[in-house]
Amino acid sequence: MQAIGTPPLEPIKSSKLLFTTIPARAMIPMPINSVPERGIDIYIGIGSNIEDPISQVTRALDELRQLRKTAFLSRSALYRSPPMGPADQPDYINAVARLRTLLPPLKLLDELMEIERTHHRKRTEQRWGPRTLDLDILIYGDQQIDHTRLTVPHSGMQRRAFVLYPLQEINPDIHIPGRGPIGTLIAQCPRGDLIRVSGP
Ligand code: A4P
Ligand code: MG
């Protein structure tokens with residue numbers, strides 16, 4: 001695929017191979033349905049609070065390892081915290097996984113929703129109600145996406161201890177696009193009742 005704004009590449013002759021340089025690519029936001037030539041580092045937030053949440057999250061981590069066109073890089077420990085939102089529901093188990101994908105953002109969202117479906121996720125009227133499995137795209141490379149189906153970085157993540165602490169565990173240097181460095185965000189987000197329940 002030709003990069004936007006780059007001149008056409010002349011065919012590479014074998015004698016030139018070692019000396020041919022790839023033109024530097026401008027930081028042009030990727031169209032939402034295109035496939036990146038190289039993998040994009042993404043971070044997925046995983047949450048569950050019903051029907052054996054630890055098993056739900058553990059199984060989801062295994063399913064993320066199987067995601068097509070995607071490499072699984074690392075994962076956080078599991079964390080337990082009281083519900084954000086309606087209090088009359090069980091505590092949540094959360095984790096964050098880091099992957100590298102060739103899937104464009106909306107295709108990735110479709111794949112994640114399919115995994116949620118296999119966990120019999122039911123969507124109800126209640127905002128922030130209980131769920132067997134929630135998979136959120138927290139970060140997609142350096143992109144900021146504002147689409148009817150997808151907001152990235154995930155809205156509100158910079159204020160959520162159950163997202164920031166596991167994220168910092170797997171990448172202490174990460175800068176969240178449009179929000180700031182993880183260290184600065186954590187300094188403003190008390191850990192509260194978040195408990196690390198088991199390691200990777
Ligand atoms: N959507 C938009 N942006 C994204 C994104 N970055 N990743 C859209 C995934 N989906 C995204 O999601 C509703 C719609 O959001 C999707 O159709 C997708 O097109 P949903 O999973 O059906 O609903 P939801 O998750 O209930 O909504 P929402 O507002 O995203 O909730 P959150 O922010 O996911 O919060 N307390 C604790 N302790 N731990 C938790 O994990 N989670 C929630 C849900 C509430 N309280 C919690 C926790
Ligand atoms: Mg969600």
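Before reading on, note that the structure itself is shown above.
This text gives an overview of the structure that appears in the document. Model, not experiment: these values are computed from the prediction. (Residues numbered from 1 in each chain as written. Chains lettered and ligands numbered in written order. Predicted model: local features only at pLDDT ≥ 70, side-chain atom pairs only at ≥ 80, totals over all residues.)

## Side note on the nonpolar core
Point 1. By size, the foremost hydrophobic cluster in this structure holds 37 residues, and its most contacted members are I42, I44, V96, I137 and L138.
Point 2. Sorting elements by how many residues they give to this core places strand 4 (residues 92-101) first, with six residues.
Point 3. Apart from the residues within four sequence positions on either side, V96 is in contact with Y43, I44, G45, S76, L138, V163, P166, L167 and I170. (Core = buried A, V, L, I, M, F, W, Y, C linked by C-beta atoms within 7 Å. Buried ≥ 20, exposed ≤ 12 C-beta atoms within 10 Å, placed from the backbone. Helix = DSSP H or I, 4+ residues; strand = E, 2+ residues; numbered from the N terminus. Contact = placed C-beta atoms within 7 Å.)

## A look at helix 1 (residues 53-65)
In an α-helix, one turn spans 3.6 residues, which is why side chains three or four residues apart end up on the same side.
Point 1. For helix 1, spanning 13 residues, the distance from its first C-alpha to its last is 19 Å, which sits close to the expected 18 Å at 1.5 Å a residue.
Point 2. Every buried residue belonging to helix 1 is among P53, Q56, V57, A60 and L64, and all of these are buried. Along the axis of helix 1, the buried positions cluster into a sector of 90°, meaning they face one direction only. Turned more than 90 degrees off the buried face of helix 1, the exposed positions are S55 and D62. (Expected span 1.5 Å × (residues − 1). Arc of directions from axis to C-beta.)

## Here's the deal with helix 3 (residues 161-170)
Point 1. The complete set of buried residues in helix 3 reads F162, V163, L164, Y165, P166 and L167.
Point 2. Here the buried face of helix 3 lies against strand 1 (40-48), strand 3 (78-81), strand 4, strand 5 (134-140) and helix 4 (182-187).

## With respect to unusual backbone geometry
Negative phi is the rule for most residues except glycine; trans is the rule for most peptide bonds.
Point 1. V152 connects to P153 through a cis peptide bond whose omega is -5°.
Point 2. Of note, the phi angle at E51 is positive, near 55°, even though the residue is not glycine.
Point 3. Locating E51 in the fold gives a position in the loop between strand 1 and helix 1.
Point 4. Although it is not a glycine, K69 adopts a positive phi angle of roughly 55°.

## Some thoughts on the site of ligand 1
Point 1. If you check the shell around ligand 1, you find 20 residues, and the closest are G47, M84, Y92, W128 and I137.
Point 2. Residue composition of the shell around ligand 1, grouped by class: nine nonpolar, seven polar and four charged. (Near = placed C-beta within 6 Å. Nonpolar A, V, L, I, M, F, W, Y, C, P; charged D, E, K, R; others polar.)

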